[in-house]
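Here's the letter readout for the chains.
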Amino acid sequence: MKKRKPTRKRKALRNCIILLVLLVIANQTFLYLFPWQVRQRSQNLYETGETHVIWQELKMENRHLNYFAVSENENAVLFTHTWLTLEGWVGGSALLDCTADPGPWHVMENGWELDDGQYRYILFGRIDDPAAQTVTALVGFTERIDDPYHWAPADGAKTLTAGRGEWLTQNGRKYVLLQTELPMPGSWDRVGTMSRVTLFDKDGRIIDTVYDPYG
């Protein structure tokens, strides 16, 4: 009796079943096949509830495919950084809790070393003050000092600016994202990153200033 060859529909159904089985195994073993699974894990870990992506980027960095995303809801902002390895997508998310302080804004910074001798700096946050118009960040490396209000940035410091028209918007809420690369110092022994982030109104008056914001 001649053996019947599988039809296209049967092949497609079989492939779907195999994919579903792989997804179940991956979720049970914490092997993430997709970058958004890392964000979902962070949501469960921080108990933020579902967040909505308002910015994302996929790029090669440090010899890996990297995925970056900013996601939000009414209570929190997540910055997700994950990269693809042989074990799947690894990494995590930084949580910015927007319920702890009823101030004019909530900002947080993140950063990591790059293979080419640079340091990637990220600033993200939510701006709640309706009078706010501009965010400016002075970032750089400096010797570690006890008084963060009096510091002189080393060579290579940068000033980053984002006006209201460059902010991200979701459900009427305003978000800022600033990023740059800085030349790495020769040694970390007595050197660290230092930042001064300022929120201005439309007339250039200072609404608030934060030093080294970590949420």
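As a reminder, the structure under discussion sits directly above these lines.
The sections below set out a description of the structure shown in this document. (Residues numbered from 1 in each chain as written. Predicted model: local features only at pLDDT ≥ 70, side-chain atom pairs only at ≥ 80, totals over all residues. Heavy atoms only, no water.)

1. Focus on the overall build of the protein
Alright, step 1. When its secondary structure is counted, the protein shows two helices and twelve strands.
Alright, step 2. Listing each helix as α and each strand as β along the protein from the N terminus yields α-α-β-β-β-β-β-β-β-β-β-β-β-β.
Alright, step 3. Counting only residues that meet the buried cut, the protein has 39% of its 215 residues in that class.
Alright, step 4. Intrachain contacts of the protein at a sequence separation of at least 6 include 54% that bridge at least 24 residues. (Helix = DSSP H or I, 4+ residues; strand = E, 2+ residues; numbered from the N terminus. Buried < 20%, exposed > 50% of the residue type's maximum accessible area, 1.4 Å probe, protein only. Contact = heavy atoms within 4.5 Å.)

2. Considering the pairing of strand β2 (residues 64–72)
Alright, step 1. Of all nine residues making up β2, seven are buried, and the element is well covered by its neighbours.
Alright, step 2. Pairing of strand β1 (residues 52–61) with β2, which is carried by nine bridges, proceeds in the antiparallel orientation. Bridge pairing in β2 links Leu58 to Tyr67.
Alright, step 3. Hairpin connection of β1 to β2: two residues between the antiparallel strands, including Asn62 at a positive phi of 50°.
Alright, step 4. The pairing of β2 with strand β3 (residues 76–85) spans seven bridges and is classified as antiparallel. Considered in β3, the bridge of Ser71 is made with Leu78.
Alright, step 5. Counting the residues in the hairpin turn of β2 and β3 gives three residues. (Pairing = 2+ DSSP bridges.)

3. Brief notes about a nonpolar patch on the surface
Alright, step 1. Taken together, Leu31, Leu33, Phe34 and Trp36 make up a surface patch of nonpolar side chains, about 320 Å² in accessible area.
Alright, step 2. As for its placement among the helices and strands, Phe34 is situated in the loop between α1 (8–28) and α2 (36–46).
Alright, step 3. Under the relative-accessibility criterion, Phe34 is labelled partly exposed at 32%. (Patch = residues over 30% accessible without salt bridge, like charges linked within 9 Å, V, L, I, M, F, W, Y side chains within 5 Å. Areas by Shrake-Rupley, 256 points an atom, 1.4 Å probe, with all protein chains shown as cover. Salt bridge = Lys/Arg side-chain N within 4 Å of Asp/Glu carboxyl O.)

4. Topic: the sheet that holds strand β6 (residues 118–127)
Alright, step 1. Pairing is antiparallel across the open sheet formed by four strands, whose spatial order is β5-β6-β10-β9. Edge positions in the open sheet fall to β5 (105–113) and β9 (168–170), since each of these has one partner strand only. Shown here is a sheet whose adjacent strand axes are inclined to one another by a mean of 20°, direction ignored.
Alright, step 2. Bridge count between β6 and strand β10 (residues 173–183): ten bridges; the pairing is antiparallel. Of the residues in β10, the one forming a bridge with Ile127 is Lys174. (Axes fitted to C-alpha atoms, helices over the stretch in contact; angles between N-to-C directions.)

5. Focus on α2
In an α-helix there are 3.6 residues to a turn, and that puts residues three or four apart on one side.
Alright, step 1. Within the span of α2, buried status applies to Gln37, Val38, Arg39, Ser42 and Gln43.
Alright, step 2. Taken from the residues just after α2, Glu47 is the one with a positive phi, measuring 60°.

6. Examining the nonpolar core
Alright, step 1. Counting residues in hydrophobic clusters, the biggest one holds 20 residues, and the most contacted among them are Leu123, Ile127, Val135 and Leu178.
Alright, step 2. For this core, the elements supplying multiple residues, two or more each, are β5, β6, β7 (132–143), β8 (158–163), β10 and β11 (191–201).
Alright, step 3. Residues in contact with Leu178, not counting those within four places in the same chain, are Tyr121, Ile122, Leu123, Val135, Ala137, Leu160, Thr161 and Ala162.
Alright, step 4. Residues Phe68, Val77, Cys98 and Leu177 belong to the second largest nonpolar core, which totals 16 residues. (Core = buried A, V, L, I, M, F, W, Y, C linked by side-chain atoms within 4.5 Å.)

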